[in-house]
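Survey of secondary and tertiary structure
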Amino acid sequence: MFESLIGLVAIIALFVIISRQQSRIGLIERELGALRSLVLSGVHVGPPQAKPVEQAANDSMPADAAIAAVTDIAPPPAGEVAAEEKPPTEVEATEAASGPWAAGEAAPAGPAPAQPVAATAKPAQKPDIETALGTRWAVWVGGIALALGGLFLIRYTIEAGTFGPGVRLSMAAMLGLVLVAVGEFIRRTGFKVPVQGVAGAYIPAILTAAGAFILFGTVYAAHGVYGFIGPALAFTLLGAIGVATIAAALVHGKALAGVGLLGAVVTPMLVASQAPNPWALFGYLAIVLAATGVIARLRDWKLLMAAAFVGTGLWTILYMTDAPGTNLTVVLFINAVTLAVLALVWLGRRGGEAEPARGFDWPSVAPGFFVGLSAMALFVDPAYAAGDALPGAALIAALVAVALYRPLALALLHAAGLATVLVYLGIIPPTSVVSDFSGGALGVDGLPAAVADTLILRIGIVLGLVFIAAGFWAARKFAASAHIRAASWAAWGVVAPLVILLALWFTFGNLDRDLVYAAVAALLVVVFATGGEWIARGEQPPLQGGAAVSFALGGAAVAALLMLYMAFGSGWTTMLLGAAAIVPALATRWRAYPVLGWISVAAVIAVLGRIAFDPTIVGAEFLSRTPVFNWLLPGYGVPALAFGFAAWQLARTTNGRPRLAMEAGAALFAVLTVAILVRHAMHGGVIDMGAATLAEQAIYTLIAIGAGAILVAVDMRSPSLVLRYGSLAAGVVSVAFIVIQHFVALNPLFTDESTGRIPVFNLLFLAYLLPALAAGGLALYARDKRPKWYAAMLALVAALLAFVYATLSVRRLFKGEFIGLWSGLGQLETYTYSALWLIIGVALLTAGVWLKSQVLRVASAALISVAVLKVFLFDMSELEGVLRALSFIGLGAVLIGIGLFYQRLLTRAARGT
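Note that the coordinates shown come from a computational prediction; the quantities given were computed from them, not determined experimentally.

Turning next to the overall build of the protein chain. From N to C terminus, the protein chain includes 33 helices and 5 strands. For the protein chain, the share of sequence-separated contacts (at least 6 apart) that also reach a separation of at least 24 residues comes to 72%. Carbon and sulfur atoms make up 71% of the accessible area of the protein chain, which amounts to about 45,700 Å² in all.

Listed below in structure tokens is the structure:
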């Protein structure tokens, strides 16, 4: 069905092409006749100095090509200056031997002509669909049909049994040789330049590619299917075809190499065998890969080289996943060939060529990916790792070695590092890998993997040493010339060993406390720190602390973190981790590496993560119930002090963003220390039970307001953006606490919580009066030190807190300990609210005038307005007798007094002006 469809499409396409070309041929013949008449009449069609060059070119062409060249010459319009012919570029000279790159034979190098050859500028015509069908698609479809036809002929004769195997293979070989010969004949008889605009349809190259396609399949079938020839002869013939393809590709161009590569990769799939021989398959692929590497290296064809690596890699993965009875030696062989072709052929140096200091070879991504995938499979797949995991480790080491030998192949380093990390973390796609820590073993799809034994530990040690040695040596080598390359090597030099150490600790170590692994982590701290200093001395200028140094010192910091977790309990780990922030800050006295300050910041983040995981520091069951003097004090307080000291030290050395972050961390942990101790004390030594009460929330609010005041004071002595914005944040947070918790969520008017039995120093005093005084004091202190909106916000909240305190105190005076709203209102209580609100309004007005605060005056007006509305809307209907009269009399007197006060105030202001 497929063959019939191809034939039908080809017949229709050729019929359309032939029918559409008839009219164009007639038009060309008429134009050619007119041009010949002009030539015979003696009309001059070109500049005199161009005649020798044109004559030499015409002499080297066949008659039809010469006539076609004459048709392209036309006299220039009057007044138009002839365009000067551009000299060939260096690339054109390199590829101008023959084929679709040059207009003629390559000219020998020599001095430039004295006078430039003039040519008439001719605008390029946009090819239409007819030209595409006739000149390109017909050639492409024809070449593909020839190649497939040869292979389908072999397949048909196999299925029909028409001829014996020897005859079938002989016929296929003859067809391939005939196609190659025809292509070479057409090239040698003058077909050097295709039709203008259709260089991709170079007929000799396509015919040669089709012939090579068939010859590859024939030799492979003779050995792999029928066994007519042995491995030695098969490899010899395939090598000969590869050499011939190399020569043809160098003559005919990239198209032949690409089509030949495609045919070579697809051939084993089309010519199948019932009992495939893996050595024949991968020996054949190795020869194809090597031949393609030589072609691509000579012409610098990156896409061709990448395609060859991808084809070989796909066959390797397909064999490893689907083939029964996989052969480990074959897998190692094809991966070794892949790396050898990359290192010795594709990236091999030419004579006198120096290794580039910068750059990245994109084709090396493909071998890195496929070899790394093979290495992971050899590690965890029981079909390969039943004996041991050494082959997978050997492939990873080979990737690192090739990357070290050929610096442009940096992708191999990333592939090796990623494969190592995935293997040792147990995350190996596409299988579902889980980790059973209770059993101390890894599992693949629920089954135990062969690598969960002591051998994986020894392999991990060796791989860790390989990454450390290669990573730091290469980072030092490239630190002065290639910063990204040096950073990559330094990064994997610390990441891979750290991941290996972590995985081995989880698998084979004691998760509670393991001094052996802690000693290894401490050794890594020393090695990474020393290596970072060694790399820094190789920078230009030295000791700049670039990216490579940053990775090395960052790895030392992570190793120190692991050491603390492995050697100490949770309480000591938290304290020491916070105190460790001092070390890089102190190191800035001797080295101005930018990463040192950020390592201190990383310590802040690590401690935050630690207390987020367990706020009790040592676990709820081990936390003492003694107030203040328990593990919470050093667990939160020591990091706060250490972060403060680190910020102070950084302010005197680097004074950059890390200093601001450390100041923020110190302030945050100082607040957290007080808050967590309060919660511990108020909940009987348990910090993780129940929601906060109003009394506890009041203490948190006072802490937030106090923190804001402290930050403002410190900022005035030592200005800092962190302190400035931190004080603003503390004020906003405290206001949010008051509005949400004090006024609404925990208000005893709505919760009916006990306000205490003591008349004055009760819950209302703690939750409303003290926050009101604190917010008012902070507003007054920050008036000229912070934005106006900040002081106004705090002043308004202070006024509201005082209003709520007075109101709830009246409510408590009438109702007692429990002041829930549903207990009702008495007439005297209602009248008292009106009088109280008027008194508070007058007090706010007085304070606003005295302090020159418009916010307080506006709050006074708002409160008095509320009192007026209450008197007219509520008191009039609810009060009776003398209380109603007193309510209105008092309101009137207060309003008249306020009016008199404002009149005198305005009169004094007018006299002053």
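On to the pattern of salt bridges, then. A full pass over the atoms with the stated rule returns 7 salt bridges. The shortest N-O distance in the salt bridge between Arg-659 and Glu-663 comes to 2.8 Å. Highlighted residues: Arg-659 and Glu-663, both in helix 25 (residues 657-682), separated by 4 residues, approximately one helical turn. As far as the burial class goes, Arg-659 and Glu-663 line up, both buried. Of the charged contacts in the structure, one is a salt bridge between Glu-696 and Arg-679, with a shortest N-O distance of 2.7 Å. Highlighted residues: Glu-696 in helix 26 (residues 694-717) and Arg-679 in helix 25, separated in sequence by 17 residues. Assessed through its relative accessible area of 0%, Glu-696 is described here as buried. Several salt bridges share partner residues, and in doing so they unite Glu-533, Arg-537 and Arg-591 into one network.

Residues at a pLDDT of 70 or more form 67% of the protein chain, whose mean pLDDT is 75. Note on residues 192-201: pLDDT under 50 across the span, and 21 contacts to partners over four residues away in sequence or across chains. The model gives residues 428-452 a pLDDT under 50, and that stretch makes 39 contacts with residues more than four places away or in other chains.

Attention shifts here to helix 15 (residues 390-405). Each turn of an α-helix holds 3.6 residues, which means side chains three or four residues apart point in the same direction. Along its 16 residues, helix 15 runs 22 Å from first to last C-alpha, staying within 8% of the 22 Å computed at 1.5 Å per residue. Buried within helix 15 are the following residues: Pro-391, Gly-392, Ala-393, Leu-395, Ile-396, Leu-399, Val-400, Val-402 and Ala-403. Looking at the buried side of helix 15, the elements it contacts are helix 12 (328-346), helix 13 (365-380), helix 16 (410-425), helix 17 (454-478) and helix 18 (483-508).

Reading the values: rules and limits
- Residues numbered from 1 in each chain as written.
- Predicted model: local features only at pLDDT ≥ 70, side-chain atom pairs only at ≥ 80, totals over all residues.
- Heavy atoms only, no water.
- Helix = DSSP H or I, 4+ residues; strand = E, 2+ residues; numbered from the N terminus.
- Contact = heavy atoms within 4.5 Å.
- Areas by Shrake-Rupley, 256 points an atom, 1.4 Å probe, with all protein chains shown as cover.
- Salt bridge = Lys/Arg side-chain N within 4 Å of Asp/Glu carboxyl O.
- Buried < 20%, exposed > 50% of the residue type's maximum accessible area, 1.4 Å probe, protein only.
- pLDDT = per-residue confidence, 0-100.
- Expected span 1.5 Å × (residues − 1).

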